[in-house]
Amino acid sequence: MGKISILFHHSRPYRGSDGCRNRWVLRCPGCPNQGTKTHFVLGMPMEQPPGEVFEYNGGATQLLASIIERASGQGIAAFAEKNLFEPLGIEVFEWNRYPPSQIAAAPSGLRLRSKDMMKFGLLYQNHGIWEGQQLLPAQWVEETFKAHVEKPGQPGAYLGINFMCCRSSHCQANGIS
């Protein structure tokens, strides 16, 4: 049960098992204040095999941001601005950043106006297409709302990819404030 078994599929905030729990906040005790957030997440002890036990883990969202940063060569804030915010016409946004490194806090650091959040809802409703342009792969949008983990203690509630959903057809964005 090593770190190599953590796949991209399991690096979502509800399927991690690295012991980080929900301590992934701007000023959490024991979290490094350097540009090593990804190393911190990967350095946590494995408590369960990846993907088997529900455990909210904001560090997994930061790990996803690091994957995007490595693949794109851009910080997550710059990547989101260029590939999502500009095409969606979102001009007002704010990222909380980890001091002193100023790395964008992916799990809970993005602030948007409600009208701009609505644009994300429309983007997802239209299978990732905005004004005729495919901004998100349709398969990603579909996977986002599939039941990947049942939410304990809440019948009918399940977790997709950064969304908590209910079989009664509503969802809540998690990892985005």
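In the block above lies the structure referred to throughout.
Residues numbered from 1 in each chain as written. Predicted model: local features only at pLDDT ≥ 70, side-chain atom pairs only at ≥ 80, totals over all residues. Heavy atoms only, no water.

*Asks:* Can you walk me through the packing of aromatic side chains in this structure?
*Replies:* For any pair of aromatic rings, the description rests on two quantities: the centre-to-centre distance and the angle between the ring planes. Taken as a whole and assessed by the stated rule, the structure comprises three aromatic pairs. Taking 4.6 Å as the distance between ring centres and 45 degrees as the angle between the ring planes, the aromatic pair formed by Phe-85 and Phe-93 counts as tilted. Judged by its relative accessible area of 26%, Phe-93 falls in the partly exposed class. Seen in terms of ring centroids, Phe-85 and Phe-120 are 6.5 Å apart; in terms of plane orientation they differ by 90 degrees. Their pairing is edge-to-face. You can see Phe-85 sitting in helix α3 (residues 76–88) and its partner Phe-120 sitting in helix α4 (residues 114–125), a full 35 residues away along the chain. Classification of Phe-85 as buried rests on a relative accessible area of 1%. An aromatic cluster is defined as three or more aromatic residues linked by ring pairs; in this entry it consists of Phe-85, Phe-93 and Phe-120. (Phe/Tyr/Trp six-rings, centres within 6.5 Å; stacked < 30°, edge-to-face > 60°. Buried < 20%, exposed > 50% of the residue type's maximum accessible area, 1.4 Å probe, protein only. Helix = DSSP H or I, 4+ residues; strand = E, 2+ residues; numbered from the N terminus.)

*Asks:* Looking at this model, I keep getting lost on α4. Mind explaining?
*Replies:* For an α-helix, 3.6 residues make a turn, and residues three or four places apart therefore share a direction. Its 12 residues place the ends of α4 16 Å apart at the C-alpha level, agreeing with the 16 Å of an ideal helix rising 1.5 Å per residue. Within α4 the residues assigned to the buried category are Asp-116, Lys-119, Phe-120, Leu-123 and Tyr-124. Along the axis of α4, the buried positions cluster into a sector of 135 degrees, meaning they face one direction only. In α4, the exposed positions that point more than 90 degrees away from the buried face belong to Ser-114, Met-118 and Gln-125. The inward-facing, buried residues of α4 abut α3, β4 (110–112), β5 (129–130), α5 (138–144) and β9 (163–166). (Expected span 1.5 Å × (residues − 1). Arc of directions from axis to C-beta. Contact = heavy atoms within 4.5 Å.)

*Asks:* Sorry if this is basic, but what is going on with the pairing of β9 here?
*Replies:* In summary, the side chains of a regular strand alternate between the two faces of the sheet. The pairing of strand β8 (residues 157–159) with β9 spans three bridges and is antiparallel. Across the sheet, Leu-159 pairs through a bridge with Met-164, a residue of β9. (Pairing = 2+ DSSP bridges.)

*Asks:* What is the right way to read the pattern of salt bridges from this model?
*Replies:* In a structure, side chains of opposite charge can pair up when their charged atoms sit close to one another. In total, this model carries four salt bridges according to the counting rule given. Note that Asp-116 is salt-bridged to Arg-113, the shortest N-O span being 3.2 Å. Here Lys-119 and Asp-116 are joined by a salt bridge, their closest N and O atoms 3.4 Å apart. Taken together, the residues span about one helical turn, with Lys-119 and Asp-116 both in helix α4 at a distance of three residues. Here Lys-119 matches Asp-116 in class, with each residue buried. Within the structure, one salt-bridge network assembled from shared partners comprises Arg-113, Asp-116 and Lys-119. (Salt bridge = Lys/Arg side-chain N within 4 Å of Asp/Glu carboxyl O.)

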